[in-house]
Amino acid sequence: MSNDLVIFDLGGVIVRNISIIDSIARTLGIDEDGLKSDYALYEKALMAGLFPIDAYYRHLEDRFGVRVCQDIFRTHFKPVLNEPMLSLADDLRARGVRCVIGSNTYQSHWWFIDEMGIREHFDACHASHVIHAVKPCASFFSAILAIEGRSVEETHFIDDLPQNVMTACLMGIDGFCYQDDDEALRSHLGALLA
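Keep in mind that this is a model prediction, so the values were computed, not measured.

Criteria and cut-off values
- Residues numbered from 1 in each chain as written.
- Predicted model: local features only at pLDDT ≥ 70, side-chain atom pairs only at ≥ 80, totals over all residues.
- Heavy atoms only, no water.
- 1 Å grid on protein atoms, 1.4 Å probe; cavity = no way out; pocket = protein on both sides within 12 Å on 5 of 7 lines; lining within 4 Å.
- Points joined across faces, edges and corners; volume = space filled by probe spheres on them.
- Helix = DSSP H or I, 4+ residues; strand = E, 2+ residues; numbered from the N terminus.
- Nonpolar A, V, L, I, M, F, W, Y, C, P; charged D, E, K, R; others polar.
- Bend = angle between axes of the 7 residues up to and from the residue.
- Buried < 20%, exposed > 50% of the residue type's maximum accessible area, 1.4 Å probe, protein only.
- Contact = heavy atoms within 4.5 Å.
- Polar contact = N/O pair within 3.5 Å; in protein donor to acceptor, adjacent residues only side chain to side chain.
- Core = buried A, V, L, I, M, F, W, Y, C linked by side-chain atoms within 4.5 Å.
- Salt bridge = Lys/Arg side-chain N within 4 Å of Asp/Glu carboxyl O.

Caption draft 1: Just the layout of surface pockets, in detail. Approximately 590 Å³ is the volume found for the largest pocket. In terms of lining residues, the largest pocket is bounded by 27 residues, among which Ile18, Glu43, Met47, Asn104 and Leu161 are the most central. Elements represented by at least two residues in the lining of the largest pocket include exactly helix H2 (32–47) and helix H10 (162–171). Element by element, the count of residues in the lining of the largest pocket is highest for H2, at four residues. Each residue belonging to the lining of the largest pocket can be placed in one class, and the counts come to 13 nonpolar, eight polar and six charged.

Structure (structure tokens):
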């Protein structure tokens, strides 16, 4: 039985097509750049679970003079599975490697890991809005390692954003920046797949 832990990012690794701001701006009739700038001010607090989604929707109504009648973060979210990553997780788990999700997200997006059958491919799923820490902060990784009872030396991390991988590597975690090169990732994790 392996002591290794592999943390998979969700958006950009396990699923694609995660952008929602452009679609929301069009639906609400808001200037796209204005909405992106505004969202950037609240994104980390939303994903850390420190600012409720409903409060942000009320903010949008006040700031842009629009009416938000539904959970637009959910209705505009149309993720597409990256099947090779699910297969990789299955292969690793078959070899005794613990595989978990570590994602910056919020409740409005968290539903789909069950609806799309993602959870069944992983041993655990850790969301930023639950652990109250957001990548690339070291506290995000520290929280997951504490929950999982693993050391940095036993941990591998896969993410599509270089800044997140850099933080992991600076902590001593083996990091891989995934850019849709499934074979390169499998080669990187070769020892775990042997």
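Caption draft 2: Here's a closer look at H2. The largest bend in H2 amounts to roughly 45° and is located at Leu41. Among the residues of H2, those classed as buried are Gly34, Leu35, Asp38, Tyr39, Leu46 and Met47. Considering only its buried residues, H2 is in contact with helix H1 (21–28), helix H3 (53–64), helix H4 (72–75) and helix H8 (128–131). Here H2 starts with a cap whose side-chain oxygen sits 3.4 Å from the backbone nitrogen of Asp33, and that cap is Asp31. Just downstream of H2, Gly49 is the residue with a positive phi angle, here 75°.

Caption draft 3: Structural view of unusual backbone geometry. Residue Pro136 is reached from Lys135 by a cis peptide bond, and omega for that bond is 10°. Residue placement: Pro136 occurs in the loop between H8 and helix H9 (138–148). We note that Asn17 has phi near 65°; this positive angle belongs to a residue other than glycine. Mapped onto the elements, Asn17 comes out in the loop between strand S2 (15–16) and H1. For Asn17, a relative accessible area of 47% puts it in the partly exposed group. The phi dihedral of Asp180 falls on the positive side, at around 65°, and the residue is not glycine.

Caption draft 4: Just the nonpolar core, in detail. Ranked by size, the top nonpolar core spans 51 residues in total, and within it Phe8, Leu10, Ile14, Phe73, Leu92, Ile118 and Phe122 carry the most contacts. At five residues, the largest contribution of residues to this core is made by helix H5 (residues 83–94). Here Phe122 is in contact with Phe8, Ile14, Leu86, Ala89, Arg93, Cys99, Val100 and Ile101, once residues within four sequence places are set aside. Grouped together as the second largest cluster of nonpolar side chains are 15 residues, Ile7, Ala124, Ala133 and Phe140 included.

Caption draft 5: Focus on the pattern of salt bridges. Per the stated rule, a full pass over the model turns up 13 salt bridges. Arg16 is the partner of Asp180 in a salt bridge, and the nearest nitrogen-oxygen pair spans 2.8 Å. Of this pair, Asp180 sits in the loop between strand S7 (174–177) and helix H11 (182–188) while Arg16 is found in strand S2, placing the two residues 164 residues apart along the sequence. Put simply, Arg63 and Asp38 hold a salt bridge, and the shortest N to O gap is 3.9 Å.

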